[in-house]
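# Summary of structural features
Here's the letter readout for the chains.
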Amino acid sequence: MKFLWTTLLLCSVIAACSTSYPKKMHGTWNMRQVYDNSVNVTNIHNPKNDRWVTFFKDGSFKSGGAPYGKNGGYWTLTETNNILFLDSNAGERDDSYWVVNITKDSMDWSSAKSSFTERFRISYSKGQ
């Protein structure tokens, strides 16, 4: 019986530690910093410190905050290389690809596949 409880406990710990990136992304993230070619431009891209993005389990997202306002669309994440694709409702020109790195309550985006994102690096913190 002791072996069974130990095995069950070990399996649950392993399962909790191996949460996949898509599951880790679910929820609201608050923008912390924006860099354009290594220059901190947070005051331009998030002047009111109110930008956010929410990733839903159904593959949709919503975002908002000054100076760009609200947006939404769909997201996918390729786990083999952590490529996030945002298919924006604002149109094809607003779609983007990012390499995502998630640690406990922090998410960083860097350039992937598109000239739109190649200059930028963005960091987020998990919202409440």
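Every value quoted in this text rests on a predicted model; they were computed, and no experiment measured them.

## With respect to the nonpolar core
Within the largest apolar cluster, 21 residues are counted, with the highest numbers of intra-cluster contacts made by F55, L84, M107 and W109. Elements with a minimum of two residues in this core: α2 (21-25), β1 (27-36), β3 (52-55), β5 (71-78), β6 (83-88), β7 (96-103), β8 (106-111) and β9 (120-126).

## Focus on the side chain of S123
As for its position among the elements, S123 is in strand β9. Here S123 falls in the buried class, since its relative accessible area comes to 7%. Discounting residues that sit within four places of it in the chain, S123 has contacts with N30, M31, R32, Q33, M107 and D108.

## Remarks on the pattern of salt bridges
Under the defined criterion, the tally for this structure stands at one salt bridge. Notably, a salt bridge pairs D36 with R119, separated by 2.7 Å at the nearest N-O pair. Taken together, the residues span a long stretch of sequence, with D36 in strand β1 and R119 in the loop between β8 and β9 at a distance of 83 residues. Overall, D36 belongs to the buried group, its relative accessible area being 16%.

## A closer look at the packing of aromatic side chains
Counted by the stated rule, this structure contains five aromatic pairs. Both rings, one in F55 and one in W109, keep their centres 6.4 Å apart while their planes meet at 55°; by these two values the pair is tilted. You can see F55 sitting in strand β3 and its partner W109 sitting in strand β8, a full 54 residues away along the chain. By relative accessible area, which is 1% here, F55 ends up buried. Look at W109 and you get buried, because its relative accessible area is 4%. Consider the rings of W109 and Y124, whose centres lie 4.8 Å apart with planes at 45°: the pair is tilted. In this pair, W109 sits in strand β8 while Y124 sits in strand β9, placing the two residues 15 residues apart along the sequence. Residue classification places Y124 among the buried positions, given a relative accessible area of 4%. Counting every residue linked through ring pairs, the aromatic cluster contains F55, W75, W98, W109 and Y124. Seen from the ring of Y35, R121 lies directly overhead, with NZ or CZ sitting 4.4 Å from the centre.

Reading the values: rules and limits
- Residues numbered from 1 in each chain as written.
- Predicted model: local features only at pLDDT ≥ 70, side-chain atom pairs only at ≥ 80, totals over all residues.
- Heavy atoms only, no water.
- Core = buried A, V, L, I, M, F, W, Y, C linked by side-chain atoms within 4.5 Å.
- Buried < 20%, exposed > 50% of the residue type's maximum accessible area, 1.4 Å probe, protein only.
- Helix = DSSP H or I, 4+ residues; strand = E, 2+ residues; numbered from the N terminus.
- Contact = heavy atoms within 4.5 Å.
- Salt bridge = Lys/Arg side-chain N within 4 Å of Asp/Glu carboxyl O.
- Phe/Tyr/Trp six-rings, centres within 6.5 Å; stacked < 30°, edge-to-face > 60°.
- Lys NZ or Arg CZ within 6 Å of the ring centre and 35° of its normal.

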